[in-house]
Amino acid sequence: MKRVALVAFDAGPYRYALEASRVERQRLEIDTERHMVAATLLGASGHHAPKRWLTLNDREGAWQLGVEGRVELIEWPAGTLHPLPPLVLARSTLPALCGVALDDHRVALWLLEADRLSPFAPPSPD
Amino acid sequence: MTTPTPPSRDAEHASLSRALEDNRVDASPTALEEPTRQLVLFRLAGQRFAFDGAHVREILSGEAPVYFVPGVARSVEGVIHLRGHIESVIALHALLGLTPSDGVGRVLLVEAAGLRTGVRIDQLDDVCDVALSALKAPPETLDTALKPFVDALIHQSASEAIVVLDADALLTAFQAGQG
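Residues numbered from 1 in each chain as written. Chains lettered and ligands numbered in written order. Predicted model: local features only at pLDDT ≥ 70, side-chain atom pairs only at ≥ 80, totals over all residues. Heavy atoms only, no water.

Could you clarify how one ought to interpret the interface of chain A and chain B in this entry?
Quite often, the size of an interface is put as the accessible area lost when its parts meet. Listed by partner, the interface residues are 21 residues for chain A and 24 residues for chain B. Of all residues in chain A, A:Leu87, A:Val88 and A:Arg91 give up the largest surface area on contact with chain B, accounting jointly for 40% of the area buried on that side. For the pair chain A and chain B, the interface holds 0 salt bridges. Here chain A is connected to chain B by 6 residue pairs in polar contact (both at pLDDT 80 or more). Listing elements by their share of the side of chain A that touches chain B, those giving two or more residues are strand E2 (14-19), strand E7 (81-83), helix H2 (86-90), strand E8 (97-103) and strand E9 (106-112) of chain A. (Contact = heavy atoms within 4.5 Å. Buried area = accessible area lost by both parts, 1.4 Å probe. Salt bridge = Lys/Arg side-chain N within 4 Å of Asp/Glu carboxyl O. Polar contact = N/O pair within 3.5 Å; in protein donor to acceptor, adjacent residues only side chain to side chain. Helix = DSSP H or I, 4+ residues; strand = E, 2+ residues; numbered from the N terminus.)

When you look at the sheet that holds strand E9 (residues 135-136) of chain B in this model, what are you seeing that I'm missing?
Hydrogen bonds along the backbone pair up the strands of a sheet, which may run parallel or antiparallel. Residues and elements named next belong to chain B. Judged by pairing direction, the sheet is mixed, and its 6 strands sit side by side in the order E8-E1-E2-E11-E10-E9 without closing on themselves. In this open sheet, the two edge strands, each paired with only one partner strand, are strand E8 (123-131) and E9. Pairing geometry for strand E10 (residues 150-155) and strand E11 (residues 161-165), over 5 bridges, is antiparallel. Among the inter-strand pairings, Ala152 is bridged to a residue of E11, identified as Val164. (Pairing = 2+ DSSP bridges.)

What's the story with helix H4 (residues 167-175) of chain B in this structure? I'm lost.
The periodicity of an α-helix, 3.6 residues per turn, causes residues three or four positions apart to be oriented the same way. All names here are of chain B. Inspection of H4 places Ala167, Leu170, Leu171, Ala173 and Phe174 among the buried residues, and these make up the whole buried set. Projected down its long axis, H4 carries its buried residues within an arc of 160°, all on one side. Among the residues of H4, the N-terminal cap falls to Asp166, whose side-chain oxygen and the backbone nitrogen of Asp168 are separated by 3.1 Å. In the segment just after H4, Gly177 is the residue with positive phi, at about 105°. (Buried < 20%, exposed > 50% of the residue type's maximum accessible area, 1.4 Å probe, protein only. Arc of directions from axis to C-beta.)

Honestly, the nonpolar core in this entry has me stumped. Any pointers?
Side chains that are nonpolar tend, in soluble globular proteins, to be buried together. Core analysis: the biggest nonpolar cluster contains 67 residues, and A:Tyr16, A:Trp110, B:Phe51 and B:Leu96 have the highest contact counts within it. Top element by residues in this core is H4(B). It accounts for 5 residues. Residues within four places of B:Phe51 in sequence aside, it is in contact with B:Gln38, B:Leu39, B:Val40, B:Phe42, B:Val56, B:Leu92, B:Leu108, B:Val110, B:Val119, B:Leu165, B:Ala167 and B:Leu170. (Core = buried A, V, L, I, M, F, W, Y, C linked by side-chain atoms within 4.5 Å.)

Can you walk me through the packing of aromatic side chains in this structure?
For any two aromatic rings, the description comes down to two numbers: the centre-to-centre distance and the angle of the planes. In the structure shown here, the tally under the stated rule is 6 aromatic pairs over all chains. Between A:Tyr14 and A:Trp110, the ring centres sit 6.5 Å apart and the planes meet at 90°, which makes this aromatic pair edge-to-face. Pair noted here: A:Tyr14 is in strand E2 and A:Trp110 is in strand E9, with a separation of 96 residues, a long-range link. Taking the relative accessible area as the measure of exposure, A:Trp110 reaches 5% and is therefore buried. Among the aromatic residues, those joined into a cluster by ring pairs are A:Phe9, A:Tyr14, A:Tyr16 and A:Trp110. Lying across the ring of B:Phe174, A:Arg91 places its NZ or CZ 4.6 Å from the centre. (Phe/Tyr/Trp six-rings, centres within 6.5 Å; stacked < 30°, edge-to-face > 60°. Lys NZ or Arg CZ within 6 Å of the ring centre and 35° of its normal.)

Printed below as a string of structure tokens:
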């Protein structure tokens, strides 16, 4: 069975994941002016201070995403990754939210599209 | 084969007429030929509604776990895992101008306007065939919130009607951000 490498982290009450190939590195500190706490970006309430900073890239270069909880590099069976239904996508305020990862038929992770996550350089229309 | 019973002239006359009446089949041309429409009848916020049966793919238990999706409108209840697929579950109360309900009720898996979604209902009443002649055009005085989404009415009594919803219009409006 094919697997997809993901980096999973917490933001508020939810556990999210990004495709691992889109995460350049993980740091304990901020090292760029372009940074954002994931919980803030994802509208989560009751969040804690970030413990790790993931370095991602957008059209303008590197930026950092502050995440909570344990940060894991995991390999997930491709067959258990599902896109969100169109009505959910249409009514979402989170443009980067694109799917779910199931574990034993339960939603375990909310999947984020790295290209649509940056608050600094929105993706080009195409 | 029915076993004959001893003759009892009065009783036989009475029972025959009753039997014939009870067993009468309405064979009038109208009854046989009148086209019908299958409807799924349900309740939301105490009101009676229906979807055309052609739009309802499945009637699901209301007990299936629904996963709340971060960052979505309140009328999106969440997603469910249904036999290897992820389906949305929505509530139509806001779109129809109804008071939100408590309880799990049931979920209708509705397909319309090129979309598929679970729709939470309070109660399933029936799945039945209704003569087209029983479906009446909605009156001009219909509630403005409901009006764009009403396909027809079925009058149950002078004061009660079943509202047949236009599933295409509902899901199109929902996708566009209404409700």
